[in-house]
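Structural characterization, general
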Amino acid sequence: MFPFSSSSKWLPAVVASSFAHSVFASLPLIDFSRMGQVALTGAFAGLSLFDDSAPTTFDPSTTSLLSRTPQGALTNLGNTNPGGSILAGCAIDDVFYFAGSFSSIGNATASYVASYTPSSGAFSALGSNGPDGPINAVHCDVSNGNLWVGGRFSSPGSSVAVWNTKSSTWSAPPFKGFSGAGAQVLSIASNASTSSLMFSGSFLTSFSQNITSSNDTNNPNVPYSSGASPFSSSLVPIPLQNAEIEGSPSSLNAEFSNVEAILCPAGPDGPGNTWLAQDGNSAVITVRTYTSMSAYGIRLGNTFISGYGTTGFSVISIPDNTVQTLSYVDPSTGQNMTCTDSCPLSTESSILYQDFLFSSPVTLSGVQITLSEWTGAAPGLHMMQILSSGAFVSAIANQNAQSCFAPNPSNVTMTGTWTTEDASTLIPATLQSVLVSTVPVGTPVSQAPTFTWMPYVSAAGQYEINLIIPGCINFQDCTRRTSVQVTVFPGGDSQPFVSIISQQVQNDAAILIYSGPIVPSSSSFVTTVTMTLSESPVGSGQDGEYDLVAGNLELVLTSADVLSSSGSGSSSNNSSATQHGFGFFEWPLSSSASIDATSTVPDSSVTPLDSVGIELYNSLGAVIPGATEVTSIIQHPSGTIFIGGNFNFTTGTASGASNIVAFTNGSLVTIGNDGLNGAVSSLALYGDDLYIGGSFSDTQNPSMEGKLSGVAVYHVGSNSWSTVGAGVNGPVAGIGLSNGQLCVVGNFTETIFSSGATSGAGGFAIWDIKNGSWVNSGGFVLGNMTLFSNGSSSSQGESQFIAGNIQSMAEYGSTGFVMLSNGDNGPSITPLNIQLGSSPNTSASITTSQRRGHGPRGPVSWISRHLKATLFSRQATTSPASLPAPLTPAPAVLAGTFWSNASSSRDLAIIGGNFSFLSSSSVLSQGVAIYDPVSLTISALAGPQIFGVVRALLVDSSQYLYVGGEFNLSIASANGFAVYDLAAQQWLSSMTQPFQASSGGSVVVRSITSSTYQSNAMIVAGSFSQVGSVTCHGICLFDASLNQWSILGDGIQGDVWSVSYAGSNNEILIVGGEITLPSGVVANVAQFSFSNATWTAIGNPTDIPGPVTAVEVNGGNSSSIFAGGRTNDGSSAFMLFWDGISWSNIGTTLQSSSNISQLLMVPLQNTHSPNGVIESDRMLMVSGSLSDPSFGSASSILFDGEAFIPYITSLSAQGTIGFISALFYSIANFSFAQQNYLATGVVILISISIAAGVVFLVALVGIIWTLLSRRGDSVAKYDSNDDDDSIQHRPSSLLEHINAATRTTILGTSSFNNIGSDKEEMARDGGVADPDPFGPDASNYLRAETPSDAVIGTLAAAEEYSRPAHARYSFDGAGEGELPLVAGLEVEILDDRDTAWWYARNPQTGKEGVVPAAYLY
């Protein structure tokens, strides 16, 4: 984690997956732990805890450099000068280097490049004499301590410079730099083996070497390897399907014991595609074909399975048993080397294979490969092939098996009659099959049989073609032999080559019939060699007949260079003249040469990959348009280089390609659908997936429905494209990979889901590769972002840096939902890990104004502005107009509730609002979601989806979820209200009645609550006039047990926005809105008494200046009520306090743009100064969109009875002020009284000590009493009726609980079942039990602030009974005899006589045990 500068506004997170704030010590400390699990909802993309000591605005003309922790928290490190930019960065050790175009950063003066040291939090310039112009690219060569920079400058090198971190000096690169075509470098990347650097951009290069820029190939499937040369990679592997192959000793693991699997691996290095020797042993692989073959070498691919690998080997040819001398290319240096025994095999994983060639083609029947040296447990191979001398074809069709990597096998065709005969070869015990056709002497050529060989040729080159003719002595047909005419069609622009060959050879002979280039003109072209009877046959034949013999055809590659015209489809340039390249240059890091690449690169410094630049130059037709550039390059482990930029090719092997191409097997090739239809800015590889960023929307030949907006993924193996969601809504400047996530920066404001839904992302977005979804970035930033770079690693993971022109920023990024808990020095905030999007579908019943998206600039109004004047006018009639629906920009989370899932024993959050999301099954869902704070996953409700906006949620004891809002549902006639069975995972149409709206309005359910006064009763409030057949305006009661709706008293008219409860048992309902009472009185705050079913206004209705949007009762006290809303004319906000006598205004400083969505009393960890409005142990949290001249803007503030204290600020995805809808929590009746609880172990020890003290004291008193009472009893008579057991002596309650727990564990029964026999006897005898401590009418009831404050021993009066309680906290119950608890769980109290530990039963499981009393309420 990088530290921050003294001017920093934001602080990074310090805990995984949640961010604990550490500097806002002045903020009141809300005690979230007493509220259970706590969450905050709203319409925001980012939020921060309020800090008035830091600036709240950014200058977008500057570029800000931000650090980002592994958990996503953002810290502003510093800003550049106005007009400055930061484009690239990388880290060496613990120092981050960054570059661009700037003259200062933070408090440091630095031109174009600077460093940031986290340990000191300081910026530094990099010496003097550095680059004198803008820098576009940097590369950190950590092993050598060099920082390479590229851009558009002239000193110290032309477009390239090197900073040595050890000597702190600048220098030009060893190759001086580049020139031409604008001479700027846009990208610097290492090759796959990190042995060289690849530079790309807009510049020209010149080469004096005879470089073959490309060969078209008949086999585009051959993977590239730097362990092969252009020559060796052109040699077709000999098919070994019918050979005898043995590897010994093989691994005992069956997945690695099949040696034939390595002849042509079907997949990557691993099980089924790799052969391993037995652990601790060298190995021998023997191949016998029992036929004569011409081989030029072998191809070996090492295995890189952990703990295995070959390091040394040798090759013996069969049958001459000669150890072959091999030549090969050292992949680390590119130099040609030779070896005999043993030969080295590279263990570099980027080297797919190496080719080892004989000094010349060798005729053999097999090879023996000895793996003599290895690393780890044993040697092994992933690939093993015998390379032919070039190409081959047998006269026997079924002997032409398909070669590895070849698209098709060699083939033959014939006319006339041909028969098979076998001939011996020069190799003992081997035979060669040939075809023989008998031709009558005098047959015209036009009627003679013909034979055509079609060898598979993998690449163009210089070849010698030999016709193998078996000797006539073996066939005993010398007199029947004659001459034949052979015609070779080499391809390209070469004319057919015709020769007359005599087959009258006594011994086997290889007759040269052609020497020259073979140039396939297309991927389907094959070279053909046709034989027929010559015009003037030699010899007289025998018995009037000739024999024509067709044997094998052998092609020997003599050179991979070939000369052809541009029209042949092979853009080869092989001459001694200077060749030009564009936009690409490779430099080996190990090179000690000193050259001038601004002039002509000498032969000695040319690398094989320099042909990439030549191919680019040729493909552009040697004309470089002004905007053409190569912006990014990357090399796949297979050796393929991907090249991205701004270009279009109209000629060459990649003709038609746009903006991205691949270079493989010496040629540029197009990738799926000819590339992309816009410029590419950056590339990143994740396995075989190539992620691409830029300014495009689809492939060049449209195939992705326009869903590649700015970012795409190309699958290397399948040559296919996939979407990243549906991209972003603007150009992407850069991408990077970190911890399995794709980090995207650019000038965009939204991410787009595949469904078309969008979610705010102001220039920085995160795509989770594993889950395939957009996720929260941790922090929130809005701007034109230009840089993402990984930094150094720490124990908490790898940190990152981002930079750009920032308009606004928030420390925590989350779409509408965060979890809150107590932190060390303030609240700990855990953002929603899932990215929520706008809802793609809306209810047909919702008006356009209610569906609209984000609000205008400036503070977001909770209430629709254009409706305020008409809807907030003072209503003098008894039928007030309906309140307007609040502005609900999407995505927004407007409601939430916690649900204790009995099946998983987890507390889950259920959220509702105006949003969509992709569930774990990748199905688009909307409106309602279930979030698991443990697994950080989100899931949808099964069944039909809600269409519209959800504003209220409630879960009852039957695990029924009540959903309210303004929506439709395709079951029954659900309209604004529905019930879902969480256990059965289905909507309950039987409990759904249609809601009807008031005239001219629409149905909106804003509140669903329950009262402990009336069980099974749900109070549903909002804007409606009727439910089913029951007329109830604005508020209605639903009895879940009877499935029945009823009106509250005589009902009201109007709309209800908020409800709360007063009284010791919630027997008084407080409602706020715009209401007309049954008496005709218009009241904005009213109360309903459940006991007498009457409605009354609270105070003088005229004291409330307008409709009320939020009400809250302080601790159930009906003489302490808060109300907030807007004035009748909609011009300003207000907040009032009811003290039991009158209303007083406490929100006089709130500005007109303020809107209040929720009022809530919250408990404190600390205290504030006491006053007559709010007790010192609590505060009032006011949420919404709030403005005040004393603090500016905030989304949540705290009120202590005297002053407003800003608490949380939020931002929308557009950078405007966001709003907070509500804070919800899991413990319904939490206590405000501050209690400091000791640890469980300490409580047990203290209890044991107290119990022991009591026992000792009782024993002592008993002894003293006995001594005193017996002082005069020496002559007293013994009374046989005295019963020593008449008084039962019990141990302490704690000891009894422990004994009970132990007894339960051992016997399986509760020892509490037998206690209290005296009470049972009293009951049987008709005795009177102890009076009810609460009184028959509950008149003596006082709510206990904690369980231990309650009257102790309430079950002592009748121990066979139990009473319900709820778990305030979760308790693991790991101890012997303890009962585990989950927060919110309802339990039955069986014994509560101990102040610290109670004996309880879980009614769901039937298990019993002791639990801490303080954990229950």
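Since the structure is predicted, the reported quantities are computational estimates derived from the model, not experimental observations. Numbering of residues starts from 1 in every chain and runs along the sequence as written. This being a predicted model, a pLDDT of at least 70 is required before a residue's local features are given, and a value of 80 or more before pairs of side-chain atoms are given or counted; all residues contribute to the totals for chains, interfaces and linings. As a rule here, side-chain values cover all heavy atoms of the structure and leave hydrogens and water aside.

Once that is clear, we can look at the sheet that holds strand 32 (residues 450-454). Taken together, five strands build an open sheet; the order of strands is 29-32-37-34-35 and the sheet is antiparallel. Every other strand in the sheet has two partners, leaving strand 29 (411-415) and strand 35 (497-502) as the edge strands with one partner each. Within this sheet the neighbouring strands show an average axis-to-axis angle of 20°, counted without direction. Whether two strands pair depends on DSSP finding at least two bridges between them. Numbering of helices and strands starts at the N terminus; helices are DSSP runs of H or I of at least 4 residues and strands are runs of E of at least 2. Bridge analysis of strand 29 against strand 32 gives five bridges, and the strand direction is antiparallel. Among the inter-strand pairings, Val 412 is bridged to a residue of strand 32, identified as Trp 453. With axes taken as lines fitted to C-alpha atoms, and helix axes fitted only over the stretch in contact, angles between N-to-C directions fall between 0 and 180 degrees.

So, about the sheet that holds strand 40 (residues 579-588). Taken together, three strands build an open sheet; the order of strands is 16-17-40 and the sheet is antiparallel. Taken across any chain shown, the strands that pair with only one partner, and hence form the sheet edges, are strand 16 (179-190) and strand 40. Here the average twist between neighbouring strands, direction ignored, is 20°. Direction of pairing for strand 17 (residues 196-207) relative to strand 40: antiparallel, over a ladder of nine bridges. Considered in strand 40, the bridge of Phe 199 is made with Phe 585. Two residues form a contact once any of their heavy atoms are found within 4.5 Å. Sheet contacts for helix 2 (residues 611-619): strand 17 and strand 40; angle to strand 40, the most-contacted strand, approximately 160°.

Let us look at a nonpolar patch on the surface. Together, Phe 1256, Leu 1257, Leu 1260, Val 1261, Ile 1264 and Leu 1268 make up an exposed nonpolar region whose accessible area comes to about 590 Å². Along the chain, the position of Leu 1257 falls in helix 5 (residues 1240-1269). For Leu 1257, a relative accessible area of 52% translates into the label exposed. For patch building, the residue pool is restricted to those with more than 30% relative accessible area and no salt bridge; the joining distance is 9 Å between like charges and 5 Å between nonpolar side chains (Val, Leu, Ile, Met, Phe, Trp, Tyr). For the area figures, the Shrake-Rupley method with a 1.4 Å probe applies, and any residue is considered shielded solely by the protein chains shown. Here a salt bridge means any side-chain nitrogen of Lys or Arg lying within 4 Å of a carboxyl oxygen belonging to Asp or Glu. Buried residues are those whose accessible area, probed at 1.4 Å on protein chains only, stays under 20% of the maximum for their type, while exposed residues exceed 50% and partly exposed ones sit between those limits.

Only centres within 6.5 Å qualify two rings of Phe, Tyr or Trp (six-membered ring in Trp) as a pair; their planes then separate them into stacked at under 30 degrees, edge-to-face at over 60, and tilted for everything else. Taken as a whole and judged by the stated rule, the model has 52 aromatic pairs. Measuring from centroid to centroid gives 6.4 Å for Phe 50 and Phe 1191, while their planes differ by 85°, and the two rings are edge-to-face. One end of the pair, Phe 50, is in the loop between strand 3 (46-49) and strand 4 (64-68); the other, Phe 1191, is in the loop between strand 84 (1178-1188) and strand 85 (1192-1199), and 1141 residues separate them in sequence. Among the residues examined, Phe 1191 registers a relative accessible area of 12% and is labelled buried. Ring-pair connections join several aromatic residues into one group, and the members of that group are Trp 148, Phe 175, Phe 178, Phe 199, Phe 203, Phe 585 and Trp 587. Here Arg 1178 stacks its cationic end above the ring of Phe 1232, 4.0 Å away from the centre of that ring. Over a ring means this: the NZ of a Lys or the CZ of an Arg is within 6 Å of the ring centre and within 35 degrees of the ring normal.

Any cysteine sulfur atom paired with another within 2.5 Å is treated as part of a disulfide. Per the counting criterion, the structure on display carries five disulfides. Each disulfide pairs two cysteine sulfurs, and for Cys 90 the partner residue is Cys 140, the sulfurs being separated by 1.9 Å. When the S-S torsion is 75°, as for the bridge of Cys 90 with Cys 140, the disulfide is right-handed. Taken together, the residues Cys 90 in strand 6 (residues 85-92) and Cys 140 in strand 12 (residues 135-141) connect sequence positions 50 residues apart. In this model Cys 472 forms its disulfide with Cys 478; the gap between the sulfur atoms is 1.9 Å. Every disulfide takes its handedness from the sign of the S-S torsion; for Cys 472 and Cys 478 that torsion is 85°, giving right-handed. Judged by relative accessible area, which is 31%, Cys 478 ranks as partly exposed.

What follows covers the confidence of the model for the chain. Confidence of the predictor at the level of single residues is captured by pLDDT, which takes values from 0 to 100. Confidence in the prediction for the chain averages 82 pLDDT; 82% of positions are at 70 or higher. Considering only residues more than four positions removed or in separate chains, one finds that residues 563-576, a stretch of pLDDT under 50, has 40 contacts. Every residue in residues 1273-1360 scores below 50 in pLDDT, and together they form 101 contacts with partners more than four places removed in sequence or on other chains.

Bringing empty space enclosed by the protein into the picture now. By rolling a water-sized probe across the atoms, one finds the places where empty space is left. Each cavity reported here is a set of points on a 1 Å grid over the protein atoms alone in which a 1.4 Å probe fits but cannot get out, each pocket an open set with protein on both sides within 12 Å along at least five of seven lines, and each lining residue one with an atom within 4 Å of a point. Grid points are joined across faces, edges and corners, and a volume is the space filled by probe spheres set on the points. For the structure on display, the rule yields seven cavities of 30 Å³ or more. Considering only enclosed or pocket space, the second largest cavity measures out at about 120 Å³ in volume. Taken together, 17 residues line the second largest cavity, and the ones lying closest to its centre are Gly 760, Ala 761, Phe 764, Ser 777 and Gln 835. Where the lining of the second largest cavity is concerned, the elements lending two or more residues are strand 53 (764-768) and strand 55 (780-794). Per-element tally for the lining of the second largest cavity: the top contributor is strand 53, with three residues. All amino acids are sorted into three groups, where Ala, Val, Leu, Ile, Met, Phe, Trp, Tyr, Cys and Pro are nonpolar, Asp, Glu, Lys and Arg are charged, and the leftover types, Gly among them, are polar. Here the lining of the second largest cavity is built from residues that sort into eight nonpolar, nine polar and no charged.

Once that is clear, we can look at the environment of Val 713. Inspection of the secondary structure assignment puts Val 713 in strand 47 (residues 711-715). Along the backbone, Val 713 and Ala 684 are 29 residues apart, and their C-alpha atoms lie at a distance of 9.4 Å. The residues touching Val 713, leaving out its near neighbours within four places in the chain, are Asp 689, Leu 690, Tyr 691, Ser 720, Trp 721, Ser 722, Thr 723 and Val 724.

Next up on the list: the pattern of salt bridges. Taken as a whole, this structure holds 15 salt bridges when the rule is applied. Linking Arg 1178 and Glu 1175 is a salt bridge whose minimum nitrogen-to-oxygen distance equals 3.6 Å. One network of salt bridges, in which partners are shared, links Arg 480, Glu 545 and Asp 547.

With respect to the element layout, Val 486 can be found in strand 34 (residues 483-489). Between the C-alpha atom of Val 486 and that of Phe 451, which follows or precedes it by 35 residues, the distance is 9.5 Å. Once residues within four sequence positions are removed from consideration, Val 486 is found in contact with Leu 467, Phe 497, Val 498, Ser 499, Ile 501, Ile 513, Val 529, Thr 530 and Met 531.

Within helix 2, eight of the nine residues are buried, which leaves the element mostly enclosed by the surrounding structure. Those residues of helix 2 lying buried are Ser 611, Val 612, Gly 613, Ile 614, Glu 615, Leu 616, Tyr 617 and Ser 619. Buried-residue contacts for helix 2 involve strand 17, strand 40, strand 41 (629-635), strand 42 (641-648), strand 43 (658-664) and strand 44 (667-669).

In this section: the nonpolar core. For the purposes of this section, nonpolar cores are sets of buried Ala, Val, Leu, Ile, Met, Phe, Trp, Tyr and Cys residues that join through side-chain atoms within 4.5 Å. Counting residues in each nonpolar core, the largest one holds 45 residues, and the members touching the most others are Phe 1122, Met 1135, Leu 1180 and Leu 1223. Apart from residues no more than four positions distant in its own chain, Leu 1180 is found in contact with Glu 1112, Phe 1122, Met 1135, Leu 1159, Leu 1160, Met 1161, Ile 1174, Ile 1197, Leu 1198 and Phe 1199. Ranked by size, the runner-up nonpolar core spans 42 residues in total, among them Val 439, Tyr 456, Val 457 and Ile 501.

Position of Thr 751 among the secondary structure elements: in strand 51 (residues 750-752). Excluding anything up to four places from it in sequence, Thr 751 contacts Gly 727, Val 728, Ala 757, Thr 758, Ser 759, Ala 761, Ala 765, Trp 774 and Gln 835.

Moving on to unusual backbone geometry. Here the bond from Ser 155 into Pro 156 is cis, since omega is 5°, no more than 30 degrees from zero. Checked against the element boundaries, Pro 156 lands in the loop between strand 13 (146-151) and strand 14 (160-164). Pro 249 follows Ser 248 through a cis peptide bond whose omega is -10°. Position of Pro 249 among the secondary structure elements: in the loop between strand 18 (244-248) and strand 19 (275-276).

Within strand 12, seven of the seven residues are buried, which leaves it mostly tucked inside the rest of the structure. Pairing analysis gives six bridges linking strand 12 to strand 13, with the strands arranged antiparallel. Counted as the bridge partner of Val 138 is Val 149 from strand 13.

Tracing the backbone shows Ser 388 in strand 27 (residues 380-388). Assessed through its relative accessible area of 1%, Ser 388 is described here as buried. Counted as a polar contact is a pair of N or O atoms within 3.5 Å, where, for protein atoms, one must be capable of donating a hydrogen and the other of accepting one, and residues adjacent in sequence contribute only when both atoms are in side chains. Within the structure, Ser 388 has its side chain in polar contact with the backbone oxygen of Val 236 (distance 2.7 Å). A distance of 3.2 Å separates a polar atom in the side chain of Ser 388 from the backbone nitrogen of Gly 390. Not counting chain neighbours up to four residues away, the residues in contact with Ser 388 comprise Leu 235, Val 236, Ile 238, Ser 294, Ala 295 and Tyr 296.

Of all eight residues that make up strand 42, six are buried, and the element is covered over most of its length. In this sheet, strand 42 lies alongside strand 41 in antiparallel orientation, the contact comprising six bridges. Each residue of the ladder has a partner; that of Val 630, found in strand 42, is Gly 645. Connecting strand 41 to the next strand, strand 42, in antiparallel fashion are five residues, including Gly 639 with a positive phi near 105°. Pairing analysis gives five bridges linking strand 42 to strand 43, with the strands arranged antiparallel. The residue bridging Asn 648 from the neighbouring strand is Ser 658, located in strand 43.

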